[in-house]
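Tertiary structure, described
One-letter residues, chain by chain:
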There are 2 protein chains.
Amino acid sequence: MNPSYAYESGDVISSDRVEGTTVYNEAGEKLGSIDDLMIDKRSGQVRYAVLEFGGFLGIGTDRYPLPWSVLKYDTTKDGYVVPISKSQLEGAPKYTETDVPVYDPDYGRRVNSYYGVTWLP
Amino acid sequence: MNPSYAYESGDVISSDRVEGTTVYNEAGEKLGSIDDLMIDKRSGQVRYAVLEFGGFLGIGTDRYPLPWSVLKYDTTKDGYVVPISKSQLEGAPKYTETDVPVYDPDYGRRVNSYYGVTWLP
């Protein structure tokens, strides 16, 4: 939780380092930042990085689960770049902090299908 | 980062929910709490949950990477239970916040081997 502990090291990156990282699209537009990671309880696989944007001072923001595989880290930007336009994001699966969906296989398939990513159970 | 966003939902658990969770051993002794997750950058697999304990007000604490697969969530304890005795933990791979090792395959093999967990690249 303390940013001073956040690091990358060898083949791994810490969750503290991922959380708060800015996300851009390929046009260089800022889409938001990573709020949280959704991890498959059984396998330990990170399924989604949850993009947060909108709202004011964290109030009323929307959350967009992005399949982990669409995130590419760009060292020059110190952020993630995703192949998602702003208009594509507008129609994407999203929720508010008080309205978290159940991440079941149906929801996973719906999210992945939106971004053209194969859903693997 | 905000605990109000931390949740479990369906098949997934959020990184915010895991971070800060208490870890017990099978004798019911409190070993510490999860500080951070170390994620394989390429695959998105959570390789280690980093157990933190010792120190005072977060100063001088030690960090012990635990293979994700050794953590079992116990709903009655609202915490993780691991098959690790206090004396076993004393000899385990650890580091301080200012001395993070490079998580390369050699380090991964060493950590996993200590806990009898197969290391898969």
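Residues numbered from 1 in each chain as written. Chains lettered and ligands numbered in written order. Predicted model: local features only at pLDDT ≥ 70, side-chain atom pairs only at ≥ 80, totals over all residues. Heavy atoms only, no water.

Chain A is annotated in an unreviewed UniProt entry as PRC-barrel domain-containing protein of Aquincola agrisoli.

**Some words on the relation of the copies chain A and chain B**
The transform that puts chain A on chain B rotates by 180 degrees and translates by 0.0 Å along the axis, for an RMSD of 0.0 Å. Here the copies are linked by what is in effect a two-fold axis. Using C-alpha coordinates, one finds that chain A approaches the rotation axis most closely at A:Q45, a distance of 2.2 Å. When the interface residues of chain A are mapped onto chain B, 97% of them are again interface residues, pointing to one common binding face. (Least-squares fit on C-alpha atoms with pLDDT ≥ 70 in both. Contact = heavy atoms within 4.5 Å.)

**Observations concerning helix α3 (residues 105-114) of chain B**
The periodicity of an α-helix, 3.6 residues per turn, causes residues three or four positions apart to be oriented the same way. Residue and element names in this part refer to chain B. Among the residues of α3, those classed as buried are Y107, G108, V111 and N112. One face of α3 carries all of its buried residues, which in axial projection span an arc of 125 degrees. Projecting away from the buried face of α3 at angles above 90 degrees are the exposed residues D106, R110 and S113. Buried residues along α3 sit against β5 (46-53), β6 (62-67) and β9 (95-96). In the segment just after α3, G116 is the residue with positive phi, at about 70 degrees. (Buried < 20%, exposed > 50% of the residue type's maximum accessible area, 1.4 Å probe, protein only. Helix = DSSP H or I, 4+ residues; strand = E, 2+ residues; numbered from the N terminus. Arc of directions from axis to C-beta.)

**Looking at the layout of surface pockets**
Within this model, the largest pocket holds a volume of roughly 430 Å³. Lining the largest pocket are 21 residues; nearest its centre among them are A:R42, A:S43, B:V46, B:W68 and B:S69. Those elements that place two or more of their residues in the lining of the largest pocket are β5 and β7 (72-74) of chain B. Top contributing element to the lining of the largest pocket by residue count: β5(B), with three residues. Across the lining of the largest pocket, the residue classes tally to 11 nonpolar, five polar and five charged. (1 Å grid on protein atoms, 1.4 Å probe; cavity = no way out; pocket = protein on both sides within 12 Å on 5 of 7 lines; lining within 4 Å. Points joined across faces, edges and corners; volume = space filled by probe spheres on them. Nonpolar A, V, L, I, M, F, W, Y, C, P; charged D, E, K, R; others polar.)

**Description of the packing of aromatic side chains**
In this structure the tally under the stated criterion is 12 aromatic pairs over all chains. Each ring, one from B:F53 and one from B:Y64, has its centre 5.3 Å from the other, and the planes form 15 degrees; the classification is stacked. On the criterion of sequence distance, the pair formed by B:F53 in strand β5 and B:Y64 in strand β6 is long-range, its members being 11 residues apart. A relative accessible area of 3% places B:Y64 in the buried class. Seen from their ring centres, B:Y73 and B:Y80 are 5.3 Å apart, and the 75 degrees between their planes marks the pair as edge-to-face. Of the aromatic side chains, those joined through ring pairs into one cluster are A:Y48, A:Y95, A:Y103 and A:Y107. The ring of A:Y24 has A:K77 sitting right over it, with the charged end atom 5.8 Å from the ring centre. (Phe/Tyr/Trp six-rings, centres within 6.5 Å; stacked < 30°, edge-to-face > 60°. Lys NZ or Arg CZ within 6 Å of the ring centre and 35° of its normal.)

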